[in-house]
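A closer look at the structure
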2 protein chains.
Amino acid sequence: MGSWRPATINLVATRAGVSRATVSRVMNGKSSVAPELAARVHAAAAALEYRPSIVARGLAGGRTSTVALVVPDLANPLFQGILRSLGQAAGRASHRLLVAESNEDVAAEIEMAREARRRCDALVLCAPRMSAEVLAQLAPELEPLVLLNRAVPEVRSPQVTVDYAAGIRDLASHLEGLGHSRLAYLSGPATSASNALRLHALHELTDAGRIQLDVLPCGPSFADGHAAAGAARESGSTAVVAYNDLVALGVLSGLHELGVRVPEQMSVVGFDDIPFSAYSTPTLTTATVPTDEIGEHAWARVKALLDGSPVPADLRLRPRIVVRGSSALAP
Amino acid sequence: MGSWRPATINLVATRAGVSRATVSRVMNGKSSVAPELAARVHAAAAALEYRPSIVARGLAGGRTSTVALVVPDLANPLFQGILRSLGQAAGRASHRLLVAESNEDVAAEIEMAREARRRCDALVLCAPRMSAEVLAQLAPELEPLVLLNRAVPEVRSPQVTVDYAAGIRDLASHLEGLGHSRLAYLSGPATSASNALRLHALHELTDAGRIQLDVLPCGPSFADGHAAAGAARESGSTAVVAYNDLVALGVLSGLHELGVRVPEQMSVVGFDDIPFSAYSTPTLTTATVPTDEIGEHAWARVKALLDGSPVPADLRLRPRIVVRGSSALAP
DNA sequence: TTGTAGGCGTTATCAG
DNA sequence: CTGATAACGCCTACAA
């Protein structure tokens, strides 16, 4: 038994004594076919274990039933969540996901987006670092395109974004309500758009005279947060707002080592609600980014684009505050 | 300006005043072409922003430069790690990854594997739950195939597996060396092959009279571990071997709530070394599964299969013990 | 070295 | 309702 070649539509047609066109019609359930012929086709297809070639179908019909997802970093729970939910949603509609990780490299990201798009029906792009100009210029050739986690007015493609500003405001308000009037913000990567948004939202609160703010350079990782614990303690603030949960958990760990009790002596809040935040000691007050919804909504837009049906309006998802053990009344 | 159609090889050929064959040759760097013609082709291609259609190329040449990865659960750090490293390795060779998640559903897994394979050049399959019989029967039609995280002698395809037994043995030996003679094993899902391996390895140690073992039914999640903390304490064992890190961290949390100090009163070890294990309180002693290497080696085998070159021998990666703060001398 | 022609497996358009 | 026939975009003998 040599290497087995998959059955083609031609074989099935011959075996069933019909034309390829009829086989195609039967397989696709399109325009009605005489019951008897249909039965013969089904029988032949089953006997031959025939499966239409997705590749050939892609060439002929221009649809690959595949959508591409380009993300900067698959180690990030946010993108992992998006990957999962988008994959599930697409899967339910019999579409597959092609995933490409750019490793935060914008140049690579551009090339990957171009290339990934060419072999798929649509592209879902998460490009937090890409400049609006580049994105605006690139977008047209990437269509059908859905932009995630990033609002770019210059781009006509549907966008599903996260209202980080509102999330941070809610977090700050929560702390304010607990009597904290001076907050330390552990800043993420300087090039991060979402970091800029967070910072901007915080500055608005200081401008409104509601809080005092210490901005401490930090980074996006646990280690960064851990290293910044000392600076946070020295800052004179009574609460720490971390760039994300990883950083917050790092701060928790760092403060613990420094003998600073959380939340008694200092409150800490994160952002993202990664799985462990519910289980750290103390458990972490944070804001949840609804990645499930992002994927779901992203898929709805992809589908609309592909079907030519009305595309749902752009969405700005508001993170939900999750109050846990790391925040309490100011000392 | 209506919707723009991507340039085809025909357009380039016409523009350059050559035949399609010549354009094809130039684009693929195959058999030498007169420098002047090549220059014309390059110029035309550049002017038209021509990019060969990957889909058409796939149909004609039978290569899609895409490989499929099927995993049971993308929430699992193990598979996330494999996804990342495999994706990176494939990417370096200009291949893309099609990812499909079966949600632990074996029936769905079978269908996904079949389907995913048909649209790609090869399949990398992680199917911890699939029976050896089914797998053996399915494998031939899935080739070129690389099996991950699962040793199945009946299958001829290359396999990269993890020696969980050795990992567990090393962990148990570590505890034994600390004076623990009675261990509680928090068992994972009954259908999990890796769980069976862990259990088997542990039983060998009891059969050898080296340790006493309490097997406690548990599960694979943090919540399962948390819930099992009480049972672990009552078991009479002085150390807990958890099915994985998630469970171990859950136990840590549960024991903390019960007022049991770790590692003073009880030692706890996990398995996987997920990112957070280095930062929990106490930090978790565990065993690292080298996901980076898995992806790397898996890709090497995929490539060999596709190139028709000699396929590297099957690999059994041994986890590396990481001793941290959750294990200490028996009380 | 270059061009011609046929084929990859489907779908879609027309006749009949 | 069914069957030729022409795309789809590219690759690859085979010929010249």
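Preceding this section is the structure that the text describes.
My aim in this report is to walk through the structure given alongside it, one point at a time. (Residues numbered from 1 in each chain as written. Chains lettered and ligands numbered in written order. Predicted model: local features only at pLDDT ≥ 70, side-chain atom pairs only at ≥ 80, totals over all residues. Heavy atoms only, no water.)

1. Overview of the interface of chain B and chain A
Put simply, an interface is often sized by how much accessible area is lost when its parts join up. Listed by partner, the interface residues are 38 residues for chain B and 37 residues for chain A. Between chain B and chain A, a total of about 3600 Å² is buried, with carbon and sulfur atoms accounting for 61% of that surface. Taken as a group, R96, R118 and R119 of chain B account for 19% of the area that chain B buries against chain A, more than any other trio of residues on that side. Between the two partners, chain B and chain A, sit six salt bridges. Among the ionic pairs, E115 of chain B bridges to R96 of chain A, the shortest N-O distance being 3.3 Å. Counting the contacts that link chain B with chain A gives 22 residue pairs in polar contact (both at pLDDT 80 or more). For the side of chain B that touches chain A, the elements supplying multiple residues, two or more each, are α4 (54-61), α5 (77-92), β2 (96-101), α6 (106-118) and α11 (245-257) of chain B. Split by residue class, the side of chain B that touches chain A holds 20 nonpolar, ten polar and eight charged. (Contact = heavy atoms within 4.5 Å. Buried area = accessible area lost by both parts, 1.4 Å probe. Salt bridge = Lys/Arg side-chain N within 4 Å of Asp/Glu carboxyl O. Polar contact = N/O pair within 3.5 Å; in protein donor to acceptor, adjacent residues only side chain to side chain. Helix = DSSP H or I, 4+ residues; strand = E, 2+ residues; numbered from the N terminus. Nonpolar A, V, L, I, M, F, W, Y, C, P; charged D, E, K, R; others polar.)

2. Some thoughts on empty space enclosed by the protein
This model, assessed by the stated rule, comprises three cavities of 30 Å³ or more. Of the pockets and cavities examined, the largest cavity occupies roughly 200 Å³. Lining the largest cavity are 14 residues; nearest its centre among them are T64, T66 and R119 of chain A together with T66 and R119 of chain B. Contributions of two or more residues to the lining of the largest cavity are made by α4 (54-61) of chain A together with α4 of chain B. (1 Å grid on protein atoms, 1.4 Å probe; cavity = no way out; pocket = protein on both sides within 12 Å on 5 of 7 lines; lining within 4 Å. Points joined across faces, edges and corners; volume = space filled by probe spheres on them.)

3. Observations concerning the nonpolar core
Ranked by internal contacts, the top residues of the largest apolar core, which has 138 residues, are L83, L148 and V268 of chain A together with L83, L148 and V268 of chain B. Those residues within four positions of L148 of chain A in sequence are excluded, and the remaining contacts are I82, V124, L125, C126, A127, V160, I294 and A298 of chain A. Judged by nonpolar contacts, the second largest core, of 42 residues, contains I110, A116 and C120 of chain A together with V70 of chain B. (Core = buried A, V, L, I, M, F, W, Y, C linked by side-chain atoms within 4.5 Å. Buried < 20%, exposed > 50% of the residue type's maximum accessible area, 1.4 Å probe, protein only.)

4. With respect to the relation of the copies chain B and chain A
Under the fitted operation, chain B is carried onto chain A by 0.1 Å of movement along the axis and a turn of 180°, and the coordinates agree to an RMSD of 0.2 Å. Expressed as an axis order, the relation between the two copies is that of a two-fold axis. Considering only C-alpha atoms, the part of chain B nearest the rotation axis is L98 of chain B, at 2.2 Å. Mapped onto chain A, 95% of the interface residues of chain B again fall at the interface, so both copies present the same surface. (Least-squares fit on C-alpha atoms with pLDDT ≥ 70 in both.)

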